Amino acid sequence: DTAVSQTPKYLVTQMGNDKSIKCEQNLGHDTMYWYKQDSKKFLKIMFSYNNKELIINETVPNRFSPKSPDKAHLNLHINSLELGDSAVYFCASSQDPSGSAYEQYFGPGTRLTVT
Amino acid sequence: LAKTTQPISMDSYEGQEVNITCSHNNIATNDYITWYQQFPSQGPRFIIQGYKTKVTNEVASLFIPADRKSSTLSLPRVSLSDTAVYYCLVGLADRGSTLGRLYFGRGTQLTVWP
(Lines give C-alpha, C1' and ligand atoms only; values in the text may rest on other atoms or scores of the structure.)
Protein backbone atom coordinates (compact mmCIF):
# COMPACT_ATOMS: atom_id res chain seq x y z
CA ASP A 1 0.00 0.00 0.00
CA THR A 2 1.23 3.47 -0.88
CA ALA A 3 1.89 5.50 2.26
CA VAL A 4 1.63 8.98 0.74
CA SER A 5 0.00 9.33 -2.65
CA GLN A 6 -0.44 12.32 -4.92
CA THR A 7 -2.55 12.93 -7.99
CA PRO A 8 -1.87 13.70 -10.68
CA LYS A 9 1.74 12.71 -11.23
CA TYR A 10 2.10 15.05 -14.17
CA LEU A 11 0.19 18.25 -14.84
CA VAL A 12 0.65 20.38 -17.93
CA THR A 13 -1.41 23.53 -18.19
CA GLN A 14 -1.43 27.03 -19.57
CA MET A 15 -0.75 30.28 -17.81
CA GLY A 16 -3.77 31.76 -16.08
CA ASN A 17 -5.47 28.44 -15.43
CA ASP A 18 -6.48 27.12 -11.99
CA LYS A 19 -5.41 23.63 -10.96
CA SER A 20 -5.44 21.37 -7.93
CA ILE A 21 -3.13 18.66 -6.65
CA LYS A 22 -4.45 16.07 -4.23
CA CYS A 23 -2.58 14.27 -1.49
CA GLU A 24 -3.60 11.42 0.75
CA GLN A 25 -1.71 9.55 3.46
CA ASN A 26 -2.73 6.24 5.03
CA LEU A 27 -0.15 6.31 7.83
CA GLY A 28 -2.42 7.79 10.44
CA HIS A 29 -0.17 10.82 10.78
CA ASP A 30 -1.34 14.08 12.28
CA THR A 31 0.79 16.44 10.22
CA MET A 32 0.96 16.98 6.47
CA TYR A 33 3.09 19.27 4.33
CA TRP A 34 3.51 20.70 0.86
CA TYR A 35 6.98 21.28 -0.57
CA LYS A 36 8.11 22.82 -3.86
CA GLN A 37 11.26 21.62 -5.61
CA ASP A 38 12.57 23.84 -8.36
CA SER A 39 14.81 22.95 -11.29
CA LYS A 40 17.93 23.47 -9.16
CA LYS A 41 16.69 20.84 -6.73
CA PHE A 42 16.04 23.25 -3.90
CA LEU A 43 13.29 21.74 -1.78
CA LYS A 44 11.31 24.37 0.12
CA ILE A 45 8.43 23.95 2.50
CA MET A 46 5.27 25.82 1.58
CA PHE A 47 2.60 24.78 4.08
CA SER A 48 2.07 22.47 7.00
CA TYR A 49 -1.16 21.29 8.61
CA ASN A 50 -1.52 19.60 11.97
CA ASN A 51 -4.90 18.01 12.68
CA LYS A 52 -6.44 20.05 9.87
CA GLU A 53 -5.04 23.28 11.27
CA LEU A 54 -2.59 25.41 9.29
CA ILE A 55 0.59 25.72 11.35
CA ILE A 56 3.18 26.72 8.79
CA ASN A 57 2.61 29.16 5.97
CA GLU A 58 5.84 30.16 4.35
CA THR A 59 6.21 33.12 2.01
CA VAL A 60 3.99 31.75 -0.72
CA PRO A 61 1.81 33.80 -3.11
CA ASN A 62 -1.85 33.99 -2.18
CA ARG A 63 -2.60 32.14 -5.40
CA PHE A 64 -1.64 28.98 -3.52
CA SER A 65 -4.28 27.75 -1.12
CA PRO A 66 -4.03 24.49 0.80
CA LYS A 67 -7.12 22.71 2.03
CA SER A 68 -7.29 19.88 4.52
CA PRO A 69 -10.73 18.24 4.64
CA ASP A 70 -9.46 15.69 7.16
CA LYS A 71 -6.22 14.50 8.72
CA ALA A 72 -5.52 12.11 5.87
CA HIS A 73 -5.86 14.62 3.04
CA LEU A 74 -4.12 17.85 2.12
CA ASN A 75 -4.89 19.37 -1.24
CA LEU A 76 -3.16 22.24 -2.96
CA HIS A 77 -5.09 24.61 -5.18
CA ILE A 78 -3.28 27.07 -7.40
CA ASN A 79 -5.02 30.00 -9.05
CA SER A 80 -3.87 31.99 -12.07
CA LEU A 81 -0.88 29.78 -12.78
CA GLU A 82 2.36 31.47 -13.83
CA LEU A 83 5.43 30.17 -15.63
CA GLY A 84 7.41 30.36 -12.39
CA ASP A 85 5.07 27.87 -10.77
CA SER A 86 6.58 25.10 -12.88
CA ALA A 87 8.22 22.72 -10.45
CA VAL A 88 7.76 19.41 -8.70
CA TYR A 89 5.41 19.58 -5.73
CA PHE A 90 5.79 17.06 -2.95
CA CYS A 91 3.34 16.19 -0.27
CA ALA A 92 4.63 14.72 2.98
CA SER A 93 3.34 13.59 6.34
CA SER A 94 4.72 12.88 9.78
CA GLN A 95 3.55 11.73 13.18
CA ASP A 96 3.06 14.46 15.68
CA PRO A 97 6.63 14.51 17.01
CA SER A 98 7.03 14.40 20.74
CA GLY A 99 10.71 13.92 21.27
CA SER A 100 11.01 10.94 18.96
CA ALA A 101 12.37 10.69 15.42
CA TYR A 102 11.51 13.64 13.25
CA GLU A 103 10.79 11.69 10.11
CA GLN A 104 8.69 12.85 7.21
CA TYR A 105 7.27 10.53 4.58
CA PHE A 106 7.12 11.97 1.10
CA GLY A 107 4.83 11.29 -1.79
CA PRO A 108 6.10 10.62 -5.33
CA GLY A 109 5.68 14.23 -6.40
CA THR A 110 3.60 16.07 -8.99
CA ARG A 111 5.49 17.62 -11.87
CA LEU A 112 3.69 20.80 -12.84
CA THR A 113 4.54 22.41 -16.14
CA VAL A 114 3.03 25.78 -17.00
CA THR A 115 3.24 26.82 -20.63
CA LEU B 1 16.34 27.33 12.12
CA ALA B 2 19.96 26.37 11.57
CA LYS B 3 21.03 26.13 7.95
CA THR B 4 23.44 23.64 6.53
CA THR B 5 26.33 23.52 4.06
CA GLN B 6 27.26 20.41 2.10
CA PRO B 7 29.36 19.67 -0.98
CA ILE B 8 27.36 20.00 -4.15
CA SER B 9 28.60 16.72 -5.58
CA MET B 10 30.73 13.67 -4.84
CA ASP B 11 31.88 10.71 -6.88
CA SER B 12 32.72 7.23 -5.71
CA TYR B 13 33.16 3.70 -6.99
CA GLU B 14 31.23 0.62 -6.09
CA GLY B 15 32.37 -1.03 -2.90
CA GLN B 16 33.94 2.08 -1.42
CA GLU B 17 32.91 3.84 1.76
CA VAL B 18 31.50 7.32 1.21
CA ASN B 19 31.55 10.06 3.81
CA ILE B 20 29.48 13.19 3.26
CA THR B 21 30.11 16.02 5.68
CA CYS B 22 27.62 18.70 6.55
CA SER B 23 28.34 21.96 8.38
CA HIS B 24 25.72 23.47 10.68
CA ASN B 25 27.53 26.09 12.70
CA ASN B 26 24.35 27.64 14.11
CA ILE B 27 22.81 24.44 15.38
CA ALA B 28 20.67 24.98 18.46
CA THR B 29 20.72 22.95 21.64
CA ASN B 30 17.44 21.21 20.85
CA ASP B 31 18.20 20.54 17.18
CA TYR B 32 18.57 17.02 15.85
CA ILE B 33 20.52 16.20 12.69
CA THR B 34 18.69 14.27 10.02
CA TRP B 35 19.70 12.96 6.62
CA TYR B 36 17.41 12.25 3.69
CA GLN B 37 18.05 10.52 0.38
CA GLN B 38 16.33 11.39 -2.88
CA PHE B 39 16.36 9.34 -6.06
CA PRO B 40 15.39 10.92 -9.39
CA SER B 41 11.64 11.33 -9.81
CA GLN B 42 10.97 10.34 -6.20
CA GLY B 43 10.36 12.12 -2.95
CA PRO B 44 13.06 12.29 -0.27
CA ARG B 45 13.40 9.32 2.05
CA PHE B 46 14.55 9.41 5.67
CA ILE B 47 17.91 7.70 6.22
CA ILE B 48 19.14 8.44 9.71
CA GLN B 49 18.91 10.89 12.57
CA GLY B 50 21.10 11.69 15.53
CA TYR B 51 21.74 14.18 18.30
CA LYS B 52 25.33 13.50 19.34
CA THR B 53 28.17 10.97 19.03
CA LYS B 54 27.38 8.12 16.67
CA VAL B 55 24.25 6.53 15.34
CA THR B 56 24.17 3.45 13.14
CA ASN B 57 21.36 1.67 11.34
CA GLU B 58 21.16 -0.87 8.56
CA VAL B 59 21.70 1.77 5.91
CA ALA B 60 24.26 4.24 7.23
CA SER B 61 26.18 5.69 10.16
CA LEU B 62 26.06 9.23 11.40
CA PHE B 63 29.02 10.74 13.20
CA ILE B 64 28.53 13.90 15.23
CA PRO B 65 31.46 15.56 17.04
CA ALA B 66 31.11 16.99 20.51
CA ASP B 67 30.54 20.57 19.34
CA ARG B 68 27.80 19.37 16.96
CA LYS B 69 28.74 22.04 14.39
CA SER B 70 29.13 19.40 11.73
CA SER B 71 28.11 15.84 11.02
CA THR B 72 29.23 13.10 8.67
CA LEU B 73 27.02 10.61 6.92
CA SER B 74 28.88 7.41 6.21
CA LEU B 75 27.66 4.93 3.60
CA PRO B 76 29.58 1.66 3.76
CA ARG B 77 30.40 -0.16 0.53
CA VAL B 78 28.23 1.85 -1.82
CA SER B 79 26.61 0.35 -4.87
CA LEU B 80 25.28 1.88 -8.08
CA SER B 81 21.85 2.10 -6.49
CA ASP B 82 23.17 4.55 -3.90
CA THR B 83 23.46 7.21 -6.58
CA ALA B 84 21.15 9.91 -5.29
CA VAL B 85 20.98 13.35 -3.70
CA TYR B 86 21.64 13.37 0.04
CA TYR B 87 20.23 16.16 2.19
CA CYS B 88 21.42 17.15 5.64
CA LEU B 89 18.89 18.91 7.84
CA VAL B 90 18.75 20.25 11.34
CA GLY B 91 15.54 20.88 13.19
CA LEU B 92 13.58 20.24 16.31
CA ALA B 93 12.36 16.71 16.92
CA ASP B 94 9.67 17.78 19.29
CA ARG B 95 6.73 20.08 19.15
CA GLY B 96 7.74 23.70 18.86
CA SER B 97 7.52 26.79 16.75
CA THR B 98 9.66 25.24 14.05
CA LEU B 99 7.50 22.14 13.84
CA GLY B 100 7.78 20.77 10.34
CA ARG B 101 9.93 23.62 9.07
CA LEU B 102 12.70 21.54 7.58
CA TYR B 103 15.32 23.32 5.52
CA PHE B 104 16.62 20.96 2.85
CA GLY B 105 19.14 23.10 1.00
CA ARG B 106 20.59 21.80 -2.28
CA GLY B 107 21.93 18.52 -1.00
CA THR B 108 24.91 16.51 -2.24
CA GLN B 109 24.64 14.64 -5.51
CA LEU B 110 26.44 11.34 -4.99
CA THR B 111 27.34 9.45 -8.14
CA VAL B 112 28.59 5.89 -7.80
CA TRP B 113 30.53 4.49 -10.74
CA PRO B 114 31.08 0.82 -11.60
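Reference entry: report on the structure contained in this document. Treat the numbers as computed from the prediction; the structure is a model and nothing was measured.

## A closer look at the state of the cysteines
Disulfides are covalent bonds that link the sulfur atoms of two cysteine residues.
At step 1: For the structure on display, the rule yields two disulfides over all chains.
At step 2: Across the disulfide, A:Cys23 is cross-linked to A:Cys91 (sulfur-sulfur distance 1.8 Å). The S-S bond linking A:Cys23 to A:Cys91 shows a torsion near -75 degrees; that makes this disulfide left-handed. Taken together, the positions of A:Cys23 in strand β3 (residues 19–25) and A:Cys91 in strand β9 (residues 87–94) put the pair 68 residues apart, joining distant regions of the chain. Just as A:Cys23 is buried, A:Cys91 falls in that class too.
At step 3: Residue B:Cys22 pairs covalently with B:Cys88 via a disulfide, S to S 2.2 Å. Looking down the S-S bond of the B:Cys22 and B:Cys88 bridge, the torsion is -80 degrees, so its handedness is left-handed. On the criterion of sequence distance, the pair formed by B:Cys22 in strand β2 (residues 18–23) and B:Cys88 in strand β8 (residues 84–92) is long-range, its members being 66 residues apart.
At step 4: A relative accessible area of 0% means that B:Cys22 is categorised as buried.
At step 5: The class for B:Cys88 is buried, based on a relative accessible area of 0%.

## Some thoughts on the pattern of salt bridges
All names here are of chain A.
At step 1: This structure, assessed with the given rule, holds three salt bridges over all chains.
At step 2: Between Lys71 and Asp30 there is a salt bridge, with the nearest N and O atoms lying 2.7 Å from each other. Here Asp30 lies in the loop between β3 and β4 (31–37) and Lys71 lies in the loop between β7 (64–70) and β8 (73–78), a separation of 41 residues in the sequence.
At step 3: Its salt-bridge partner being Asp85, residue Arg63 comes within 2.8 Å of it at the nearest N-O pair. Here Arg63 is found in the loop between β6 (53–57) and β7, whereas its partner Asp85 is found in the loop between β8 and β9, with 22 residues between them in sequence.
At step 4: Overall, Arg63 belongs to the buried group, its relative accessible area being 14%.
At step 5: If you follow the salt bridges from partner to partner, you end up with Arg63, Glu82 and Asp85 in one network.

## Some details on the sheet that holds strand β7 (residues 70–75) of chain B
Residue and element names in this part refer to chain B.
At step 1: The antiparallel open sheet is built from four strands, whose spatial order is β2-β7-β6-β5. Strand pairing shows two members of the sheet lacking a second neighbour, β2 and β5 (53–56), which therefore form its edges. With direction set aside, neighbouring strand axes in the sheet form an average angle of 15 degrees.
At step 2: With four bridges joining them, β5 and strand β6 (residues 61–64) adopt antiparallel strand pairing.

## Digging into the packing of aromatic side chains
At step 1: Per the stated rule, a full pass over the model turns up seven aromatic pairs over all chains.
At step 2: Residues A:Phe90 and A:Phe106 carry aromatic rings whose centres are separated by 6.4 Å and whose planes lie at 80 degrees to one another, so their mutual orientation is edge-to-face. With a gap of 16 residues between them, A:Phe90 in strand β9 and A:Phe106 in strand β10 (residues 105–106) connect regions that are remote in the sequence. Of the two residues, A:Phe90 and A:Phe106, neither departs from the other in class, the shared state being buried.
At step 3: On the numbers, 5.2 Å between centres and 55 degrees between planes, the contact of B:Tyr32 with B:Tyr51 is tilted.

## Describing the sheet that holds strand β1 (residues 4–7) of chain A
Residue and element names in this part refer to chain A.
At step 1: Pairing within the open sheet is antiparallel, and its four strands lie in the order β1-β3-β8-β7. The open sheet has two edge strands, β1 and β7, and neither has a second partner. The mean angle between the axes of side-by-side strands here comes to 20 degrees, regardless of whether they run parallel or antiparallel.

Reading guide: rules and limits
Residues numbered from 1 in each chain as written. Chains lettered and ligands numbered in written order. Predicted model: local features only at pLDDT ≥ 70, side-chain atom pairs only at ≥ 80, totals over all residues. Heavy atoms only, no water. Disulfide = S-S within 2.5 Å. Helix = DSSP H or I, 4+ residues; strand = E, 2+ residues; numbered from the N terminus. Buried < 20%, exposed > 50% of the residue type's maximum accessible area, 1.4 Å probe, protein only. Salt bridge = Lys/Arg side-chain N within 4 Å of Asp/Glu carboxyl O. Pairing = 2+ DSSP bridges. Axes fitted to C-alpha atoms, helices over the stretch in contact; angles between N-to-C directions. Phe/Tyr/Trp six-rings, centres within 6.5 Å; stacked < 30°, edge-to-face > 60°.

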